[in-house]
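Each chain, written out:
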Amino acid sequence: AVPASGGVGASRPGATGGTDPVSSTTDDGPHELLAPPPTVRPALERDGDMAPLVRRVDTTDRVIFITIDDGQVRDPAALDHLLELGLPFTSFLTEPLAEADPSFWKGTQAAWGMIETHTINHVNLREAGEATQRREICEPAATFEALFGRRPTLFRPPYGNSSDSVRRIAAGCGYDAVVLWTGSTNNETLTMQEVALRPGDIVLVHYRDTLRADIDAILERARAEGFTIGRLEDYLSP
C-alpha cells in the first residue's frame, strides 16, 4: 500500500478529467457522507500480465463506493439529484449509450461522477472469442477519451463475467483494474453478499427509473452503519 494524496473531499473531477477546487457541499455545509481522502491507497499489482480483479477495495477506511452501470435511462431528475447530493460515483457505460447522449454524461462528470467502460454491446465475454473480447474491451477507451476528455482507467465486464483472457486484454489496453462488486440494489433495496457493509464494498446500481431511490437506499444504509462514500478512482490507481 502507498500513502494517498488528494481525495474527493478536496477536489471535484472536472468534465475534462481534471479537478476543480470545489468541495462537495450542501446548503448546510459539506455532505456528512463524503469520505475523506484515503488513509492509504491500496497497491494494485498485476498477476503476471493480467490486470488486478477487484471485488472489494482493500482498505480499512469505513468507505463504500457507488457504481452505476449501462446508461439506458438518462433521467434529468436523477442527474439533478446526483448534483444535489455532491457525492462521488463511477459510471460504467456501454459505448453506444455513452455516444447517444454525451451532454448528459458530461453532466454526471460535473456532479462528481467518473466515467469508465463496460464494453460496446454488453456481451458475455467468457463466451466471446479473443478478437471480440479485444474489441469490446479496448475500443471504448479511445471513444470515451474523445468524448469526455479522460481516458478510462477501470473496466467492468458485463454480468461480472471476467476471465484470465479478459484481465490480460484489459491490462494490455491500459486499464488499471477489472472491477466487480459486492452488493447491488433490486426494487430499491440494497442487498450485500455479506450481511453487513464492510470497508471497501463496491455497490452496483443501474441507470434505471429507480436510480434516485436506489441511491437513497445506499446512503441510508451507509449512514446507519457508519460508512462514508468514496471515489473508486482515488483508491484504484497505481
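The preceding data block contains the structure.
Calculation notes
Residues numbered from 1 in each chain as written. Predicted model: local features only at pLDDT ≥ 70, side-chain atom pairs only at ≥ 80, totals over all residues. Heavy atoms only, no water. Helix = DSSP H or I, 4+ residues; strand = E, 2+ residues; numbered from the N terminus. Buried < 20%, exposed > 50% of the residue type's maximum accessible area, 1.4 Å probe, protein only. Contact = heavy atoms within 4.5 Å. Areas by Shrake-Rupley, 256 points an atom, 1.4 Å probe, with all protein chains shown as cover. Pairing = 2+ DSSP bridges. Polar contact = N/O pair within 3.5 Å; in protein donor to acceptor, adjacent residues only side chain to side chain. Core = buried A, V, L, I, M, F, W, Y, C linked by side-chain atoms within 4.5 Å. 1 Å grid on protein atoms, 1.4 Å probe; cavity = no way out; pocket = protein on both sides within 12 Å on 5 of 7 lines; lining within 4 Å. Points joined across faces, edges and corners; volume = space filled by probe spheres on them. Nonpolar A, V, L, I, M, F, W, Y, C, P; charged D, E, K, R; others polar. Salt bridge = Lys/Arg side-chain N within 4 Å of Asp/Glu carboxyl O.

Participant: In this structure, what is going on with the overall build of the chain? I would like to understand it.
Facilitator: The secondary structure content of the chain amounts to seven helices and 16 strands. Scored against the burial criterion, the 238 residues of the chain give a buried share of 54%. Across the chain, every contact between residues at least 6 apart in sequence was considered, and the portion connecting residues at least 24 apart equals 75%. Here the chain displays about 10100 Å² of accessible surface, and carbon together with sulfur accounts for 47% of that area.

Participant: I keep staring at the environment of Leu 85 and nothing clicks. Help me out?
Facilitator: On the secondary structure map, Leu 85 appears in helix α1 (residues 76-85). C-alpha of Leu 85 to C-alpha of Leu 33: the two residues are 52 residues apart in sequence and 9.5 Å apart in space.

Participant: In this structure, what is going on with the pairing of strand β14 (residues 189-192)? I would like to understand it.
Facilitator: A regular strand places its side chains on the two faces of the sheet in alternate fashion. A one-sided burial pattern is seen for β14, the buried positions being Leu 190 and Met 192 and the unburied ones Thr 189 and Thr 191. By the bridge criterion, four bridges tie strand β13 (residues 183-186) to β14 in an arrangement that is antiparallel. Note that in β14 the partner of Ser 184 across the bridge is Thr 191. The loop that links β13 with its antiparallel partner β14 comprises two residues; one of these, Asn 187, has a positive phi angle of about 55 degrees.

Participant: Can you help me understand the environment of Arg 135 in this one?
Facilitator: Secondary-structure assignment places Arg 135 in helix α4 (residues 130-148). According to the relative accessible area criterion, Arg 135 is partly exposed, its value standing at 44%. Distance from Arg 135 to Thr 119, taken between C-alpha atoms, is 8.3 Å for residues 16 residues apart in sequence. Leaving out residues up to four positions away in the same chain, Arg 135 has contacts with Ile 120, Asn 121 and Pro 140.

Participant: Help me out: how do you make sense of the side chain of Thr 117 in this one?
Facilitator: With respect to the helices, strands and loops of the structure, Thr 117 is situated in strand β10 (residues 113-117). There is a polar contact of 2.9 Å between the side chain of Thr 117 and the side chain of Tyr 175. With near-sequence residues (within four places) excluded, Thr 117 lies in contact with Phe 92, Leu 93, Pro 140, Ala 141, Phe 144, Pro 152, Leu 154, Phe 155, Arg 156 and Tyr 175.

Participant: What should I look at first to understand the nonpolar core in this one?
Facilitator: The tendency in soluble globular proteins is for nonpolar side chains to be buried side by side. Among the nonpolar cores identified, the biggest contains 33 residues, and Ile 66, Ile 68, Tyr 207, Ile 215, Leu 219 and Ile 229 are the most heavily contacted of them. Those elements that place two or more of their residues in this core are β8 (63-70), α1, β9 (89-93), α3 (102-110), α4, β14, β15 (202-206) and α6 (211-225). Among the elements that take part in this core, α6 stands out by supplying five residues, more than any other. Listed in part, the 16 residues of the second largest apolar core include Val 54, Trp 181, Ile 202 and Tyr 235.

Participant: Looking at this structure, how should I read empty space enclosed by the protein?
Facilitator: By rolling a water-sized probe across the atoms, one finds the places where empty space is left. Enumeration over the complete set of coordinates arrives at one cavity of 30 Å³ or more. Space inside the largest cavity adds up to approximately 40 Å³. Around the largest cavity sit Ile 66, Leu 82, Leu 85, Leu 87, Pro 88, Phe 89 and Ile 215, which together line it. Taken together, the residues of the lining of the largest cavity sort by class into seven nonpolar, no polar and no charged.

Participant: How should I be thinking about the pairing of β10 in this particular structure?
Facilitator: Most of β10 sits out of view: five of its five residues are buried. Going residue by residue along β10, you find Gly 113, Ile 115 and Thr 117 tucked away on one face and Met 114 and Glu 116 tucked away on the opposite face as well. The pairing of β9 with β10 spans five bridges and is classified as parallel. From the neighbouring strand, Phe 89 faces β10, where its bridge partner is Gly 113.

Participant: Explain the pattern of salt bridges to me, please; I cannot follow it from the model alone.
Facilitator: Any two side chains of opposite charge can pair if their charged atoms end up close together. In the structure shown here, the tally under the stated rule is 14 salt bridges. Put simply, Arg 151 and Glu 145 hold a salt bridge, and the shortest N to O gap is 3.3 Å. On the basis of relative accessible area, Arg 151 is assigned to the partly exposed category, the value being 36%. By relative accessible area, Glu 145 is classed as partly exposed at 37%. A network of salt bridges, in which partner residues are shared, links Arg 56, Glu 194, Arg 198 and Asp 201.

Participant: How do you make sense of the environment of Glu 225 when you look at a structure like this?
Facilitator: With respect to the helices, strands and loops of the structure, Glu 225 is situated in helix α6. Sequence separation between Glu 225 and Leu 197 is 28 residues; the distance between their C-alpha atoms is 7.3 Å. With residues up to four places along the chain from it excluded, the contact list for Glu 225 reads Arg 62, Ala 196 and Leu 197. Polar side-chain contacts of Glu 225 include one of 2.9 Å to the backbone nitrogen of Leu 197.

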